[in-house]
Amino acid sequence: MARLRLFASAREAAGATCVELEGVTVGEVLEAAVAKFGSRFERILETSSVWLNGEEASPDMQVGAEDEVAVLPPVSGG
């Protein structure tokens with residue numbers, strides 16, 4: 001299981017800061033998150049940056065039990 005860390009509006013939509021989800025790739029972890037958290041989370045994910053262990057990630061990147069996937073929605077404000 002990979003650890004999924006959520007920030008800002010993604011955290012609010014999920015109702016959690018950090019969860020562990022099954023998946024072999026970043027894409028599979030995100031699919032599991034959408035299945036768990038629903039359509040509001042999915043909409044936020046569409047505009048978010050996704051990072052794997054502190055580096056920008058692509059959906060096909062492999063994840064393991066010690067890896068951390070982070071979802072960072074765009075920040076607004078002045």
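Just above, that's the structure.
Residue positions are given per chain, counting from 1 as you read along its sequence in written order. For this predicted model, a pLDDT threshold of at least 70 governs which residues receive local features, and a threshold of 80 or more governs which side-chain atom pairs are given and counted, while totals over whole chains, interfaces and linings are taken from all residues. To get the side-chain values, take all heavy atoms of the structure and skip hydrogens and water.

Trainee: Tell me what's going on with the overall build of the protein, and back it up with residues and numbers.
Mentor: Per the convention used, a helix needs a DSSP run of H or I reaching at least four residues, while a strand needs a run of E reaching at least two, with both numbered from the N terminus. From N to C terminus, the protein includes three helices and five strands. Secondary structure elements of the protein, listed N to C terminal, follow the sequence β-α-β-α-α-β-β-β. Computation of the radius of gyration draws on C-alpha atoms, with the globule rule given as 2.2 Å multiplied by the number of residues to the power 0.38. A compact globule built from 78 residues would reach a C-alpha radius of gyration of about 12 Å, and the protein, at 11 Å, matches this within 12%. By principal-axis analysis of the C-alpha atoms, the protein measures approximately 35 × 25 × 20 Å. Accessible area is worked out with a 1.4 Å probe on protein chains only. A residue is then buried under 20% of its type maximum, exposed over 50%, and partly exposed in between. Counting over 78 residues, the protein shows a buried share of 38%. Pairs at least 24 apart in sequence give 53% of the contacts found in the protein among residues at least 6 apart. Charged residues are defined here as Lys and Arg on the positive side and Asp and Glu on the negative side; His and the ends of the chain fall outside this count. All charge positions are set by atom: Lys at NZ, Arg at CZ, Asp at CG, Glu at CD. Taking the average place of the 6 positive charges on the side chains of the protein and the average place of its 13 negative ones, the gap between the two points comes to 11 Å. Contacts were defined at the residue level, with two residues in contact if any of their heavy atoms lie within 4.5 Å.

Trainee: I'd like a description of unusual backbone geometry, backed by residues and values.
Mentor: Even without being a glycine, Ala 8 presents a positive backbone phi close to 50°. Topologically, Ala 8 is positioned in helix H1 (residues 8-14). Even without a glycine there, the phi angle at Asn 53 is positive, about 50°. With respect to the helices and strands, Asn 53 occurs in the loop between strand S3 (49-52) and strand S4 (55-56).

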